[in-house]
Every structure is written in structure tokens, then in C-alpha cells.
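Here is what each chain is made of, one letter per residue.
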Amino acid sequence: MRLARWPAWSTAALAAGAVAACVSQLPDQDLRIRTTAPSAKLSADLLWKEFQDNAGAARSAYFGKAVEVTGTVTKIGDDVPGQRYVVFGQSGGDRGVRANLLDETAGAILTSLPEHRRLTLRCYCEGLEGDVVLKSCVKP
């Protein structure tokens, strides 16, 4: 009995596809966000509500995609080493939408935060991990 040989490129493509299907986390810093068009534009409140109502469906809809989120910043943080972020908090709770800022633009975003703290960011959505986590956030 003779075994069929697959071309090397097909084996590599199959392996790459299998790895991509298993990805559960996004890179913390992805410069492609600067030129990626958002797949959705929504308020931080609506994004939070979608994850609270049905986390699986929301993850399927948003994971790995660029989203443009607008909300009121309730917390500015740099307590995690190497990360600067803002939180669009939810009334009556500790949790919210946490937007981890792209290092290159974090300083400019934080120093130009409007007095009313309303902000729009374009980010990649990772999903619900206590907070709804957004990564590589920049001002659109």
C-alpha cells in the first residue's frame, strides 16, 4: 500500500489554519490598528451590554475585529506594568470596558483627554475577562 504525499505548502497551510482557529488572545500591541477600518461603531455601554447578555455571541461577533467605541472614561490606569489604559465604567459596578492603549499614542491620548472625559477609540476587541478587554487602542 502506498501513501499519498501532500505538497509541503498544503501541510503548512493546514497547520497555520489550525493554529489560527485556536487563538484565544490578541497581541497587546498591534500597529495595524492605525489603518484598519472598524467593523462596528458603538458605545461602550452597548458593547458591555452585548457581552453581559450573551458573551459567546458577542465574542463571535467582535473577537479580533477592530471596533470604534465611544464612552465616558471613569478610570485612567497604569497600574499594570507596561500597560496604560482607560476604563469606560458601568454605573453601579466595578467592571466596564477596559481599553489598553497602543504605546505609541498612549501619552497623547491621556494628556489630551477632554474635561468631560468623553472619548472615542478604535481598538481590537478581545472579549470578556472581568472587563470587556480592548487592545491596541488609538484615537481614530
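Below: a short report on this structure. (Residues numbered from 1 in each chain as written. Predicted model: local features only at pLDDT ≥ 70, side-chain atom pairs only at ≥ 80, totals over all residues. Heavy atoms only, no water.)

## A short note on the packing of aromatic side chains
All told, the structure shown has 1 aromatic pair when counted by the stated rule. Ring geometry for phenylalanine 51 versus tyrosine 62: centroids 6.5 Å apart, planes at 35 degrees, classification tilted. Residue phenylalanine 51 is found in helix α2 (residues 44-53), and its partner tyrosine 62 is found in helix α3 (residues 55-62); the two are separated by 11 residues along the sequence. In this pair, the class of phenylalanine 51 matches that of tyrosine 62, namely buried. One Lys or Arg, arginine 59, reaches over the ring of phenylalanine 63 and ends 4.1 Å from the middle of that ring. The positively charged end of arginine 98 is found above the aromatic ring belonging to tyrosine 85, 3.5 Å away from the centroid. (Phe/Tyr/Trp six-rings, centres within 6.5 Å; stacked < 30°, edge-to-face > 60°. Helix = DSSP H or I, 4+ residues; strand = E, 2+ residues; numbered from the N terminus. Buried < 20%, exposed > 50% of the residue type's maximum accessible area, 1.4 Å probe, protein only. Lys NZ or Arg CZ within 6 Å of the ring centre and 35° of its normal.)

## Topic: the packing of α2 against α3
As a packed pair, α2 and α3 sit with axes 5 Å apart at the nearest point and diverge in direction by 130 degrees. Here α3 runs oblique to α2, going by the angle between their axes. For the pair α2 and α3, contact is made by Leu47, Glu50, Phe51 and Asp53 and by Ala55, Ala58, Arg59 and Tyr62, respectively. Class assignment for the residues of the contact of α2 with α3 results in 5 nonpolar, no polar and 3 charged. (Axes fitted to C-alpha atoms, helices over the stretch in contact; angles between N-to-C directions. Parallel < 35°, antiparallel > 145°, perpendicular 65-115°, else oblique. Contact = heavy atoms within 4.5 Å. Nonpolar A, V, L, I, M, F, W, Y, C, P; charged D, E, K, R; others polar.)

## What to know about the sheet that holds strand β4 (residues 85-89)
Strand pairing in a sheet takes place through backbone hydrogen bonds and is either antiparallel or parallel in direction. An order of β1-β2-β6-β7-β5-β4-β3 is seen for the 7 strands of this open sheet, with the pairing classed as mixed. Each end of this open sheet is capped by a strand with a single partner; those strands are β1 (40-43) and β3 (75-77). Across the sheet, the axes of successive neighbouring strands diverge by a mean angle of 35 degrees, strand direction being ignored. Where strand β2 (residues 66-72) meets strand β6 (residues 118-129), 7 bridges bridge the pair, whose relative direction is antiparallel. What sits directly across from threonine 72, in β6, is arginine 118. Across the face of the sheet, α2 comes into contact with β1, β2, β4, β5 (96-101), β6 and β7 (131-138) while running at roughly 95 degrees to β1. (Pairing = 2+ DSSP bridges.)

## Concerning unusual backbone geometry
Not every positive phi belongs to a glycine, and arginine 117 is a case in point at roughly 65 degrees. Here arginine 117 falls in the partly exposed class, since its relative accessible area comes to 30%.

## Quick look at the state of the cysteines
One pass over the structure, following the stated rule, counts 1 disulfide. A sulfur-sulfur separation of 2.2 Å characterises the disulfide bridge that pairs cysteine 123 with cysteine 137. Taking the torsion about the sulfur-sulfur bond, which here is approximately 120 degrees, the covalent link between cysteine 123 and cysteine 137 counts as right-handed. In this pair, cysteine 123 sits in strand β6 while cysteine 137 sits in strand β7, placing the two residues 14 residues apart along the sequence. (Disulfide = S-S within 2.5 Å.)

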